[in-house]
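Close look at the chain arrangement
Okay, here's what each chain looks like letter by letter:
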Amino acid sequence: QVKLVESGGGTVQAGGSLRLSCAASGGIFTNYDMGWFRQAPGQEREFVAGISWIGGIKDYADFVKGRFTISRDNIKATVDLQMRSLKPEDTAVYYCGAIRTPRVWKRPNNYDFWGPGTQVTVSS
């Protein structure tokens, strides 16, 4: 059983930056690819970014390319999401997920474990 806990959310003005972090425990971190998703009120959970178990392969949703960067530290068992040039439409609860099946990152139903989420609010 892998436990995931996100941190780093908050309120920021449009154009600002935030760095989210997800700490994993209770399992072998390198057994999992990792992903970040977000969910705004009344909307489905949507893919933001994914990273392979060794960190060499990454993918992003088109709406965050060039603004967000995903990274992981397999020693610390963490995965981070650096967010820059934030927009009001980035406002959502952000979740990290762990997935054993490699490279099928974009469907939330594929994930094995989820964190409770962290709120990101971008004011205009």
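Residues numbered from 1 in each chain as written. Predicted model: local features only at pLDDT ≥ 70, side-chain atom pairs only at ≥ 80, totals over all residues. Heavy atoms only, no water.

**Considerations on the sheet that holds strand β7 (residues 68-73)**
- Pairing is antiparallel in the open sheet, where four strands are placed in the order β1-β3-β8-β7. At either margin of the open sheet sits one strand with a lone partner, and together these are β1 (3-7) and β7. Direction aside, the axes of adjacent strands within the sheet are offset by 15° on average.
- In terms of strand pairing, strand β3 (residues 18-25) meets strand β8 (residues 78-83) through six bridges, oriented antiparallel. (Pairing = 2+ DSSP bridges. Helix = DSSP H or I, 4+ residues; strand = E, 2+ residues; numbered from the N terminus. Axes fitted to C-alpha atoms, helices over the stretch in contact; angles between N-to-C directions.)

**Re unusual backbone geometry**
- Positive phi values are uncommon outside glycine, yet Ala77 reaches one of about 60°.
- Structurally, the position occupied by Ala77 is in the loop between β7 and β8.
- By relative accessible area, which is 13% here, Ala77 ends up buried.
- Of note in this structure, Ser85 is not a glycine but carries a positive phi near 50°.
- Tracing the chain through its elements places Ser85 in the loop between β8 and β9 (92-99). (Buried < 20%, exposed > 50% of the residue type's maximum accessible area, 1.4 Å probe, protein only.)

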